[in-house]
Every structure is written in C-alpha cells, then in structure tokens.
Amino acid sequence: MLLLILISFIIGLLLGMTKKFEFIKKYKLVTIITVFLLFIMGFEIGSDGELFDKLPEIGISALVIAVSGILGSMFLTTVFEKIKNRFFLKNNSSDKI
C-alpha cells in the first residue's frame, strides 16, 4: 500500500511539472476527491444488504451526531469571535492612532 501511495505521489509530481494538466487547477482537487469518496461510500452501503437494512437505526444516530457537531461549531465560533473582537481588534485600533 505504501508503494502505491509513493508511486501515485511521484506520478502526480511529474504530471504537475509538465504543466499539461493546468485545467485541473480550476477545479478544487479536494472537491473532486470528496465527491469520489462519497460515491465509493454510497456504493459500499448500497452493496451491503445487512448494512442497508440497519440504515434507519444508524441514520438517527448519525443525525444526532451531525446536529450536535453543527451546534457545537456554531457555539464555539461565536465564542471565538467575541474573544477575538474583544482582545485582538482592541489592540489593533490603538496601533492606528
């Protein structure tokens, strides 16, 4: 597996150096890889009959985890923004005077 990763990296490096694949830069590579991974995950779930039968049970747990993650991220982002505005913006405004 490590050899496959190393070979893939070297091929990507060489192709990047030739500048023949500049069109790839206009697409976010992370987006392309994410879509591919989602496709593979969907394929795996669809082909596994036992997992597909348990999907409603797993789905409720996944929904709870996802909503908790979203709410936690929103809360921590709000706290961070308030701390940043209080301490960092106050110091920058005194530098301008």
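The structure displayed is predicted, hence computed values, not measured ones. (Residues numbered from 1 in each chain as written. Predicted model: local features only at pLDDT ≥ 70, side-chain atom pairs only at ≥ 80, totals over all residues. Heavy atoms only, no water.)

Draft legend 1. Molecular detail of helix 1 (residues 2–18). Taking 1.5 Å of rise per residue, 17 residues should cover 24 Å, and helix 1 covers 25 Å from first to last C-alpha, within 8% of that figure. Positive phi appears at K19, one or two residues downstream of helix 1, with a value of about 60°. (Helix = DSSP H or I, 4+ residues; strand = E, 2+ residues; numbered from the N terminus. Expected span 1.5 Å × (residues − 1).)

Draft legend 2. A look at the pattern of salt bridges. Within the structure shown, the criterion is met by one salt bridge. In this structure, K84 engages E81 in a salt bridge whose closest nitrogen and oxygen atoms are separated by 3.6 Å. Pair noted here: K84 and E81 are both in helix 4 (residues 55–96), with a separation of three residues, about one helical turn. (Salt bridge = Lys/Arg side-chain N within 4 Å of Asp/Glu carboxyl O.)

Draft legend 3. Broad picture of the environment of T18. Secondary-structure assignment places T18 in helix 1. You can call T18 partly exposed: its relative accessible area is 44%. (Buried < 20%, exposed > 50% of the residue type's maximum accessible area, 1.4 Å probe, protein only.)

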